[in-house]
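# Structural description and commentary
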Amino acid sequence: MKRAERLHALSEALRRGGSRGTSAERLARDFGVSVRTVKRDLQALERSGAPVWSRPGPGGGYGLAVGATLPPVSLSPVQAVALMSAVSAAPDAPYADLAAAGVQKILDILDPRTRARADALAGRIWVDAPPTASRVVRSALEEAMAEQRVVRIRYTSRDGSTTTRDVEPVLFASTNGQWYLVGWCRMRDAMRWFTVARIERASVTKTACSGHTVAEVGEPPVTATPVHGRGRRPAIHSQE
């Protein structure tokens, strides 16, 4: 997760903590960073004008002043539950952490009656989601895709061989219950599909992608569509 995204998510975590506040240690665990990094991020939020408060001593922590909220949002209980269901059912989807934070942000500002009805309906929906890839790995892949920079991955293929590769990310694709990173593999000098769950490590490099496009991936099954519902569909693939 990039720092700007983490700062936004951190402000939302503080707001959800309400008047009780949240400890720096808890925030560090939630975001997978050190306590020192969290405190530096909190200082950055304060400098940007966010109404961050702190309370020292046992039981203390950090929070966001009351009133730091969004304007009213009009959603029906069914719409609210639809958002909760979609995010809960796909915890391994790209940018799922940010999606969950966004849904929670919306839920927090619903009027009490709508929120109560949404909570009651949500209790009638169960999700048995599959284990997700490492958050650190997913965050690196997401950053590389958004910034269009080469990502270096340690990858174990289906035959059990492990390699380190530099990949230019082109798209994320979901098929048969698996998420894939589709990108130009500089080792193979070809487009490849990498199962995200098999990526053991990932780090974003400073090298910009050279411009490979979604069109190079090929023609997809007729059932595959981009998440905005328009345009080309991702392709039958060469998987490793």
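In short, a report on the structure. Everything numeric here is computed off the predicted structure, so don't read it as measured data.

## What about helix α3 (residues 35–47)?
With 13 residues, α3 extends 19 Å between its outermost C-alpha atoms, agreeing within 8% with the 18 Å of an ideal straight helix rising 1.5 Å per residue. Turning to α3, its buried residues are Thr 37, Val 38, Asp 41, Leu 42, Ala 44 and Leu 45. Summarising the axial view, the buried residues of α3 lie within an arc of 160°, below the 170-degree limit, and thus occupy one face. Opposite the packed face of α3, turned more than 90 degrees from it, sit the exposed residues Arg 36 and Arg 47. A positive backbone phi angle near 105° is found at Gly 49, which sits one or two residues after α3.

## Some thoughts on the nonpolar core
One recurring pattern in soluble globular proteins is that nonpolar side chains are buried together. Membership of the largest hydrophobic core comes to 19 residues, with the highest contact counts inside it found for Leu 141, Val 151, Ile 153, Leu 181, Phe 194, Ile 199 and Ala 202. Taken together, the elements giving at least two residues each to this core come down to α7 (135–147), β3 (149–156), β4 (162–175), β5 (178–185) and β7 (199–208). Per-element accounting of this core gives the leading share, 5 residues, to α7. Apart from residues no more than four positions distant in its own chain, Leu 181 is found in contact with Leu 141, Met 145, Val 151, Val 167, Pro 169, Leu 171, Phe 172, Arg 192, Trp 193, Phe 194, Val 196 and Ile 199. Membership of the second largest hydrophobic core comes to 15 residues, among which are Ala 13, Ala 24, Phe 31 and Leu 64.

## Overview of unusual backbone geometry
At Gln 148, a residue that is not glycine, the phi angle is positive and equals roughly 50°. With respect to the helices and strands, Gln 148 occurs in the loop between α7 and β3. Judged by its relative accessible area of 31%, Gln 148 falls in the partly exposed class. Not every positive phi belongs to a glycine, and Asn 176 is a case in point at roughly 55°.

## Overview of the side chain of Thr 156
Examined against the element boundaries, Thr 156 turns out to sit in strand β3. A distance of 2.9 Å separates polar atoms of two side chains, one belonging to Thr 156 and the other to Thr 162. Here the side chain of Thr 156 touches Glu 200 through a polar contact of 2.6 Å, side chain to side chain. For Thr 156, the residues in contact, after removing those within four places along its chain, are Ser 161, Thr 162, Arg 198 and Glu 200.

## So, the pairing of β4
Here β3 pairs with β4 via 6 bridges, running antiparallel. Looking at β4, one finds that Val 151 is bridged to Val 167. Between β3 and β4, which pair antiparallel and follow one another directly, the connecting turn spans 5 residues, one of which, Gly 160, has a positive phi of 95°. Alignment of β4 against β5, held across 8 bridges, turns out to be antiparallel. Bridge pairing links Pro 169 to Gly 183 in β5. Between the end of β4 and the start of β5, which pair antiparallel, lie 2 residues, with Asn 176 showing a positive phi angle near 55°.

Criteria and thresholds
Along each chain, residues carry numbers from 1 onward, in the same order as the chain's sequence is written. It should be noted that, the model being predicted, local features are given only for residues of pLDDT at least 70 and side-chain atom pairs only at 80 or more, the latter also being counted only at that level, while totals for whole chains, interfaces and linings use all residues. To obtain the side-chain values, all non-hydrogen atoms of the structure were included, while hydrogens and water were left out. Put simply, DSSP H or I for four residues or longer makes a helix, DSSP E for two residues or longer makes a strand, and each gets a number counted from the N terminus. To estimate the expected span of a helix, subtract one from its residue number and multiply by 1.5 Å. Burial here depends on accessible area, computed with a 1.4 Å probe over protein chains only, as a share of the maximum for the residue type. Under 20% is buried, over 50% is exposed, and the range in between is partly exposed. The directions considered for the arc are those from the helix axis to the C-beta atoms. The nonpolar core is taken to be a set of buried Ala, Val, Leu, Ile, Met, Phe, Trp, Tyr and Cys residues, with the residues joined through side-chain atoms within 4.5 Å. Whether two residues touch is decided by their heavy atoms; if any such pair falls within 4.5 Å, the residues are in contact. Here a polar contact is recorded for every N or O atom pair within 3.5 Å, except that within protein the pair must consist of a potential hydrogen donor and a potential acceptor, and residues adjacent in sequence are included only if both atoms are side-chain atoms. In short, DSSP must find at least two bridges between two strands for them to pair.

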